[in-house]
Amino acid sequence: MAAILMTQSFKDIVVAYFQESAILNERNIQLLAKELDDIVDRHRKIQLLLNFNQVEYLSSAVLGKLVATFKKVQADGGRMKLCCIRASLLPVFQVTKLDKLFEIHDSEEKATAAFAKKGFFSRS
Amino acid sequence: MLNKGRAGFDPAKHLPDGFHQVLMREFFYSSMAECQACLEGIMTLLRQHAYLTSEEEAAQAQLCIDEALVNAVKHGNKHDNNKKVHVTLYGGDGQWAIRVEDEGEGFTAKDLPDYQDDETLFWDHGRGVLLINTFMDEVYYYDRGNRVLLVKYSKRKA
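Residues numbered from 1 in each chain as written. Chains lettered and ligands numbered in written order. Predicted model: local features only at pLDDT ≥ 70, side-chain atom pairs only at ≥ 80, totals over all residues. Heavy atoms only, no water.

A.B. asks: Looking at this structure, I do not really get the overall build of chain A. What am I missing?
C.D. replies: Within chain A one finds 5 helices and 7 strands. Overall, chain A shows an N-to-C arrangement of helices and strands of β-β-β-α-β-β-α-β-α-α-β-α. For 124 residues, the compact-globule estimate of 2.2 N^0.38 gives 14 Å, and chain A sits close to it at 13 Å. Counting only C-alpha atoms and orienting by the principal axes, one finds that chain A spans roughly 35 × 30 × 25 Å. A burial count over chain A gives 51% of its 124 residues as buried. Look at the contacts in chain A between residues 6 or more apart in sequence, and 67% of them connect residues 24 or more apart. When the accessible surface of chain A is summed, it comes to about 6000 Å², and 52% of that surface belongs to carbon and sulfur atoms. (Helix = DSSP H or I, 4+ residues; strand = E, 2+ residues; numbered from the N terminus. Rg over C-alpha atoms; globule rule 2.2 N^0.38 Å. Buried < 20%, exposed > 50% of the residue type's maximum accessible area, 1.4 Å probe, protein only. Contact = heavy atoms within 4.5 Å. Areas by Shrake-Rupley, 256 points an atom, 1.4 Å probe, with all protein chains shown as cover.)

So this is what it looks like as structure tokens:
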């Protein structure tokens, strides 16, 4: 089955790597939504890191799915962070103010380290 | 707040100065597959004509065109396969523009979320128009809101 995400667990953090450079068409977006749902459903209080290293293009529909996943993770008492978003895509997050909603790190190391910190000082 | 561009400019009758070429003129029946194919065709043309000079410009162009086409299919024609989306792509020296027209009822600013309201941060939709408005240089919704003209002045020219 073609997958949009490939996941790996490091200790108690689930890292989901995007496998596609462009997540645009309806099928990909629906697949992504389902995969995100499944990942969150499989883990209680998930510590989820989405790695965007591969992603060159996305659409507002993808942003919507990320917000939906974020809400779901939070409702379950988990945490979700993003990392490795290309400089060319960062404006998309800034314009929509999603850089305020999501914690975004420039490297996977920084993001995983941030999970280790708890509470109010978890933002690096 | 919906439109940005020149006051008094009529997007139904005119194009901004400097456009001398129609790069593409076509229509498709409202389906997401056709929509995707059209987007790919447009991106290929923009690349061939060297309008996308950086990764950032390409990402933003693709995003805006995708939003405009998807909006036409989804919100405009409501996925009705009998309804068409007309697309025209114009080229000029260091500038490109796209006109997207659907057969729907159109929309107004009232239909959109208030982006200043922090509550809308949590919405899982409604960001497309904001992104188009930010990344394109001129944006004109016209008629009943079922047509849009987007204009981009490539950084190459500046």
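Next, the rest of the story.
A.B. asks: Help me understand the overall build of chain B, please; the structure alone is not making it clear to me.
C.D. replies: Of the regular secondary structure elements, chain B holds 3 helices and 5 strands. What you see in chain B, going N to C, is helices and strands ordered as β-α-α-β-β-α-β-β. Compactness check: chain B gives a C-alpha radius of gyration of 15 Å against a globular reference of 15 Å for 158 residues, within 12% of the reference. Across its three principal axes, chain B shows a C-alpha extent of roughly 40 × 35 × 35 Å. Going through the 158 residues of chain B one by one, you find that 53% of them count as buried. Pairs at least 24 residues apart make up 70% of the contacts formed inside chain B by residues separated by at least 6 positions.

A.B. asks: Would you explain the interface of chain A and chain B in this entry?
C.D. replies: The extent of an interface is frequently quoted as the accessible surface area lost upon association of the parts. Taken together, the 24 residues of chain A in the interface contact 27 residues of chain B. Interface area, chain A with chain B, both sides summed: about 2200 Å², of which 63% is carbon and sulfur. Linking chain A with chain B are 1 salt bridge, by the criterion used here. Across the pair Glu-55 of chain B and Arg-86 of chain A runs a salt bridge, and its minimum N-O distance is 3.1 Å. For the interface between chain A and chain B, the tally reads 4 residue pairs in polar contact (both at pLDDT 80 or more). Listing elements by their share of the side of chain A that touches chain B, those giving two or more residues are strand E5 (57–58), helix H2 (60–75), helix H3 (90–95) and helix H4 (98–101) of chain A. In terms of residues, the side of chain A that touches chain B owes the most to one element, H2 of chain A, which gives 7 residues. By residue class, the composition of the side of chain A that touches chain B is 13 nonpolar, 6 polar and 5 charged. (Buried area = accessible area lost by both parts, 1.4 Å probe. Salt bridge = Lys/Arg side-chain N within 4 Å of Asp/Glu carboxyl O. Polar contact = N/O pair within 3.5 Å; in protein donor to acceptor, adjacent residues only side chain to side chain. Nonpolar A, V, L, I, M, F, W, Y, C, P; charged D, E, K, R; others polar.)

A.B. asks: Honestly, the packing of aromatic side chains in this entry has me stumped. Any pointers?
C.D. replies: Each aromatic ring pair is summarised here by two numbers: the centre-to-centre distance and the angle between the ring planes. Scanning the model with the defined rule gives 6 aromatic pairs over all chains in all. Taking the centre distance of 5.8 Å and the plane angle of 90 degrees together, the rings of Phe-27 of chain B and Tyr-29 of chain B count as edge-to-face. Using a relative accessible area of 42% as the deciding quantity, one classes Phe-27 of chain B as partly exposed. By way of ring pairs, the aromatic residues Phe-18, Phe-52 and Phe-93 of chain A are connected into one cluster. The aromatic ring of Phe-115 of chain A is capped on one face by Lys-81 of chain A, whose charged end is 4.6 Å from the ring centroid. (Phe/Tyr/Trp six-rings, centres within 6.5 Å; stacked < 30°, edge-to-face > 60°. Lys NZ or Arg CZ within 6 Å of the ring centre and 35° of its normal.)

A.B. asks: How should helix H2 (residues 55–76) of chain B be read in this particular structure?
C.D. replies: Residue and element names in this part refer to chain B. Here H2 contains 22 residues, and its C-alpha end-to-end distance of 30 Å stays within 8% of the 32 Å for a straight helix at 1.5 Å per residue. Residue Val-70 marks the point of greatest curvature in H2, where the axis turns by about 25 degrees. Most of H2 is tucked away: 17 of the 22 residues are buried. Where H2 ends, the next residue or the one after it, Lys-78, has phi of about 50 degrees, a positive value. (Expected span 1.5 Å × (residues − 1). Bend = angle between axes of the 7 residues up to and from the residue.)

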